[in-house]
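Chain residues, written in single-letter form:
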Amino acid sequence: MVDLSAAELASAQRGAIPVRTETFNQPSGKAAGRGMGAVVVDRPLPEVWAVLTRFEDKAEYMPRLKSVTVLERQPGRLRVRMVVDASVTTARYTMIYQLDEPAHRLSWKLDHSVPDNTIAEADGEYRVYELAPGRTLVTYNSQVDTGRALPRFIQNYIARRSIPDLLRAVKKRVESSGLWRR
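Structural notes, computed from the coordinates. (Residues numbered from 1 in each chain as written. Predicted model: local features only at pLDDT ≥ 70, side-chain atom pairs only at ≥ 80, totals over all residues. Heavy atoms only, no water.)

## Section: the overall build of the protein chain
So the rule is basically this: By definition, any uninterrupted DSSP run of H or I lasting at least four residues is a helix, any uninterrupted run of E lasting at least two residues is a strand, and each is numbered from the N terminus. Here's how the labels work: a residue is buried when its accessible area is under 20% of the maximum for its type, exposed when over 50%, partly exposed in between, all with a 1.4 Å probe on protein chains only. By definition in these notes, contact holds between two residues if any of their heavy atoms fall within 4.5 Å. Only the protein chains shown count as cover for residues, and the accessible areas themselves come from Shrake-Rupley with a 1.4 Å probe.
When helices and strands are counted, the protein chain shows four helices and eight strands. The helix and strand sequence of the protein chain, counted from the amino end, reads α-β-β-α-α-β-β-β-β-β-β-α. Counting across all 182 residues of the protein chain, residues that qualify as buried make up 43%. Counting only contacts in the protein chain whose residues sit at least 6 apart along the sequence, the fraction spanning at least 24 positions is 48%. Carbon and sulfur atoms provide 53% of the accessible area of the protein chain, an area that totals close to 9500 Å².

## Things to note about the pairing of strand 3 (residues 65-74)
Filter applied, for reference: Here a strand pair is declared whenever DSSP counts at least two bridges between the two strands.
Relative to strand 4 (residues 77-85), strand 3 runs antiparallel, the two sharing eight bridges. Along strand 4, the bridge assignment pairs Gln74 with Arg77. Hairpin remark: strand 3 followed by strand 4, antiparallel, with two residues in the connecting loop; positive phi at Gly76, about 75°.

## Regarding the pattern of salt bridges
Keep this limit in mind: Any Lys or Arg side-chain nitrogen found within 4 Å of a carboxyl oxygen on Asp or Glu counts as a salt bridge.
The final tally for this structure, using the stated rule, is 17 salt bridges. The closest approach of N and O atoms between Asp165 and Arg168, which form a salt bridge, is 3.1 Å. Here Arg168 and Asp165 lie together in helix 4 (residues 152-175), a separation of three residues that amounts to about one turn. For Arg168, a relative accessible area of 36% translates into the label partly exposed. By sharing partners, the salt bridges in this structure join Arg54, Asp57, Glu60, Arg173 and Arg181 into a single network.

## A few points about the nonpolar core
To keep it simple, the criterion reads: For the purposes of this section, nonpolar cores are sets of buried Ala, Val, Leu, Ile, Met, Phe, Trp, Tyr and Cys residues that join through side-chain atoms within 4.5 Å.
By size, the foremost hydrophobic cluster in this structure holds 37 residues, and its most contacted members are Leu52, Tyr93, Tyr97, Tyr126, Val138 and Leu167. When residues in this core are grouped by element, the largest group, six residues, is from helix 4. By size, the runner-up hydrophobic cluster in this structure holds seven residues, among which are Leu4, Leu9, Ala38 and Val40.

## Overview of helix 2 (residues 45-52)
As a reminder, the rule being used: The arc in question is formed by the directions pointing from the helix axis toward the C-beta atoms.
For helix 2, the complete set of buried residues consists of Leu45, Val48, Trp49, Val51 and Leu52. Burial along helix 2 is one-sided: seen end-on, the buried residues are contained in an arc of 165°.

## Observations regarding the pairing of strand 8 (residues 135-145)
Along strand 8, nine of the eleven residues are buried, which leaves the element largely enclosed by surrounding structure. In this sheet, strand 8 lies alongside strand 7 (residues 121-132) in antiparallel orientation, the contact comprising eleven bridges. Following the sheet pairing, Val128 is matched in strand 8 by Val138. The hairpin formed by strand 7 and strand 8 contains two residues between the paired strands, and Gly134 there has a positive phi angle of roughly 80°.

Given below as structure tokens:
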């Protein structure tokens, strides 16, 4: 499984949500961080994929997400405007999502053509794997650069809290057949 150790996979299969953060240097030399997590959803892969790739209702169940507006829809690609409650401020940004259904990969990156993004950089992906009929593994990894200096311990704290909250929300939404709301 992509980016999961055997121990992390075993933890997810036992019902936990393993999370890992790591630092790396961007091509510019600037230090950056990435957060990763995984969750097992007790539903068939097509149901999980359908929830992950439906954007119109994400604000109903995703933590801190105030609104989602699909700006453009093409086969395998979407442009989506997001408004997020970022505790001390409201973040607004536009993402370009790539939907690779055969690979069960949903990836995203910040749309730099939009002048009013309030974050400097973001990218990431979900990957979905069938563990057994009716049992699906979802992996998540993301990197966000707010454009502001944040101490590493604060970034790690945010990642370790927000990733499990996000994955728990996806699991609850899928397992409730789309009825669970935050």
